[in-house]
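One-letter residues, chain by chain:
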There are 2 protein chains.
Amino acid sequence: VKAITVALAPCAARSYEIHIGRDLLDTVAAQLAGRRWAARWFVVTDSNVAPLHLERVLARVDAEAVVLPAGEKHKTIDTAVALASSLLARGADRTSGILAVGGGVVGDVAGFVASIFMRGIPCVQLPTTLLAQVDSSVGGKTGVDVPAAKNILGTFHQPCAVFSDLAFLATLPAREWTNGFAEIVKYGAIADPGLLPIMAARSDDLRAGDQQLLGEVIGRSCRIKQQIVERDEREGGLRRILNFGHTVGHAVEAESGFSVSHGEAVSMGMVCAAALSARLGHLGAAHREELVDVLRRVGLPVRIPASLAVSGILERLGKDKKKAGTTIHFVLLKAPGQPFVAGDVPGELVREVIEDARS
Amino acid sequence: VKAITVALAPCAARSYEIHIGRDLLDTVAAQLAGRRWAARWFVVTDSNVAPLHLERVLARVDAEAVVLPAGEKHKTIDTAVALASSLLARGADRTSGILAVGGGVVGDVAGFVASIFMRGIPCVQLPTTLLAQVDSSVGGKTGVDVPAAKNILGTFHQPCAVFSDLAFLATLPAREWTNGFAEIVKYGAIADPGLLPIMAARSDDLRAGDQQLLGEVIGRSCRIKQQIVERDEREGGLRRILNFGHTVGHAVEAESGFSVSHGEAVSMGMVCAAALSARLGHLGAAHREELVDVLRRVGLPVRIPASLAVSGILERLGKDKKKAGTTIHFVLLKAPGQPFVAGDVPGELVREVIEDARS
């Protein structure tokens, strides 16, 4: 037997910038021209965002546009293949790049296609929702659904840059604000407790478009995600704490057939994770109540709808893709800002906590 | 405007071994158990290979099997999605791994799915054809077709290990031998001219299963690919020389509707690339004739079928995914072992050379 060793060098250090501010399109255009990440750009957006913002983007940025059907139900491998085929039909090649202009679905689908189109092309993210600006546009996770399950196909494909333009938020529907608030409260719970009183007191100012305050909470949120992703790009350990509230959250979201939004489901999931933390003796009652109070004040639901079956939620927990082997990991809290991953939460306790949150 | 820099560390150096020898399944089993790349393994193979080898593999390796439909026409995104869904239905998760047992199609589809299933799981390659053992199993390129074009979706996803078991070659059909010979002659042409007289004289001994000789030519071929991939993992430059004969080859293969096999098409492509090299004054007539003679002696076609339209081949050259911007790159030769990439080959000359090869 011969053995030949293929010794591949480490890849180069990679870094990219998250720009947060108002009216960034000139900055985007200048960077696309100056940095030469790609020779030709394709804006990928969706049918909700296109009528609101596409004309303004194309007036500044030299690119062609591809418009995807809007909505979580289109975050599928079929949409990704249709996008790739559309890029191909327009002559995209290995030197082309994608500018993702939209919320989490656009960012995930466009980022996924960028990672697999001709074995990978550059992607720049222009998140247009608060949720995408504080969470999904940063960190390089991409993913699409197959008929049998959510987010099963995906990659880690870091963007060349993220531009969070506050001007996009002016057209945000009410429910999209609460979706973003859920993730900001999550960052408060796991890493920056100072965000909790700000969110409790000032969510109306955020909705009203207070630029200084928006820049503050988006910046603090991105800073936390940046620090975690830098230390654990591929979710080997630390990055799991970003899943606080998402274990039960994903199960609730799926069990509702996605009539419960991601942020609403994560809010319910955080209520359950806090209750588990308290029942297991890790988190004090006052801290648990503070978290539930903040969620309520920003307008998020803190009860699981009685229409959802506990058995259905529990069954979906077993299918959560974050399970490793047979253990379901829960992110729990010792206090605001002190999360930890528990692999040994009794199933019976999980059932009780979900039943309590539903009653 | 705030700017937050996300500074990602270089990924770790990665290396993997290519094992070449007879009856390697015990080695495979020992490495899967000892190296702990994954907690649970899924053999991915196809309907041609399964009846010949699957029982023997599963007798040694603790794994479940998924059998794909065989054939180039099934190297599609639909097959990849069906494979991912099948893995999911069997309970595969982020701790599972794929053992690809088959030729180039199985390796490409299984490697692609491994790279995108739950954002990436490990893959071990057990190539069963000569072509896969000398070429496609090494280097981490994966890819599938969409209806509009070949190999448009793919990734670079290096295997954990490659095991080229010569025992698999005992069941190889005649046409699969010539497919592999084409790539070995290519390595001779671009990097190891000593392979050319060996192939000219001893292809019958290879077909007859001469173990020492098979180990020799497969080892020398893998060594060349290893050295090139180590220096240019993602085809930024040097790796392009591996495409010698593939520019016209891919166009001929596609224009024939894949009735011309990959190796046959690459053989025709090498004849054209050698003719271009000679017409442009880079390659001497004796070297050009030697290469054509070797291809003929191993049983490969050196003429493009008259049934294929020159205009169709030329049009497909323009769609080749390796084009950067508007320039088509040709890999040409100065002498055996001295390839170079030319970006300035006149289209009219390409047409003449293809017409000559077809007459």
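Coordinates for the structure precede this section.
Counting restarts for each chain, with residues numbered from 1 along the sequence as it is written. Written order decides the labels, with chains lettered from A and ligands numbered from 1. For a predicted model such as this one, the threshold for reporting local features is a pLDDT of at least 70, and the threshold for listing and counting side-chain atom pairs is 80 or more; totals across whole chains, interfaces and linings nevertheless cover every residue. Hydrogen atoms and water are omitted, and side-chain values are computed over all heavy atoms in the structure.

Caption draft 1: Fine view of the side chain of Asp145 of chain A. Residues and elements named next belong to chain A. Tracing the backbone through its elements, the reader meets Asp145 in strand β7 (residues 141–146). Among the residues examined, Asp145 registers a relative accessible area of 8% and is labelled buried. Think of a polar contact as two N or O atoms within 3.5 Å of one another; within protein, one of them needs to be a possible hydrogen donor and the other a possible acceptor, and neighboring residues in sequence only count if both atoms come from side chains. Separated by 2.9 Å, the side chains of Asp145 and Lys150 make a polar contact. Once residues within four sequence positions are removed from consideration, Asp145 is found in contact with Glu72, Lys75, Thr76, Ile77, Lys150 and Asn151. Each helix is a run of DSSP H or I of at least 4 residues and each strand a run of E of at least 2, with the numbering of both proceeding from the N terminus. Each residue's exposure class comes from its accessible area (1.4 Å probe, protein chains only) as a fraction of the maximum for that residue type: buried when under 20%, exposed when over 50%, partly exposed otherwise. Every residue pair with non-hydrogen atoms within 4.5 Å of one another is taken to be in contact.

Caption draft 2: Representation of the pattern of salt bridges in the model. Salt bridge, as used here, is a side-chain nitrogen of Lys or Arg placed within 4 Å of a carboxyl oxygen of Asp or Glu. The full count for this structure, using the stated rule, is 44 salt bridges over all chains. Note that Arg220 of chain A is salt-bridged to Glu216 of chain A, the shortest N-O span being 2.9 Å. Note that Arg220 of chain A and Glu216 of chain A are positioned in helix α8 (residues 211–231) at a spacing of four residues, about one turn of the helix. Given a relative accessible area of 24%, Glu216 of chain A falls into the partly exposed group. The residue Arg316 of chain B makes a salt bridge to Glu255 of chain B at a minimum N-O spacing of 2.6 Å.

Caption draft 3: Region of interest: the sheet that holds strand β6 (residues 123–127) of chain A. Two strands pair under a simple rule: DSSP has to find at least two bridges between them. Taken in spatial order, the seven strands of this open sheet run β4(A)-β3(A)-β5(A)-β6(A)-β9(A)-β2(A)-β1(B), and their pairing is mixed. Across the chains shown, the open sheet's two edge strands, defined by having one partner strand only, are β4 (64–68) of chain A together with β1 (2–8) of chain B. On average, each strand axis in the sheet is inclined to that of its neighbour by 20°, with strand direction left out of account. As judged from the five bridges shared by strand β3 (residues 40–46) of chain A and β4 of chain A, these two strands associate in the parallel manner. Within β4 of chain A, the residue paired with Val43 of chain A across the bridge is Ala65 of chain A. Axis lines are fitted through C-alpha atoms, for helices just across the contact stretch, and the angle between N-to-C directions can take any value from 0 to 180 degrees. On top of the sheet, helix α1 (residues 25–35) of chain A reaches β2 (14–21), β3, β5 (96–102), β6 and β9 (161–165) of chain A; it is set at about 165° to β9 of chain A, its chief contact. Along the sheet, helix α3 (residues 77–89) of chain A contacts β3, β4 and β5 of chain A; its crossing angle with β4 of chain A, the most-contacted strand, is approximately 160°.

Caption draft 4: Just the relation of the copies chain A and chain B, in detail. The copies were overlaid with a least-squares fit restricted to C-alpha atoms from residues scoring a pLDDT of at least 70 in each copy. The two copies are related by a screw motion: chain A maps onto chain B through a turn of 180° and a shift of 0.0 Å along the axis, at an RMSD of 0.0 Å. In the structure described here, the two chain copies are related by an operation that fits a two-fold rotation axis. Judged by C-alpha distance, Cys11 of chain A is the residue of chain A that lies nearest the rotation axis, at 2.7 Å. In this assembly the copies share their binding face: 100% of the residues contributing to the interface of chain A also contribute to that of chain B.

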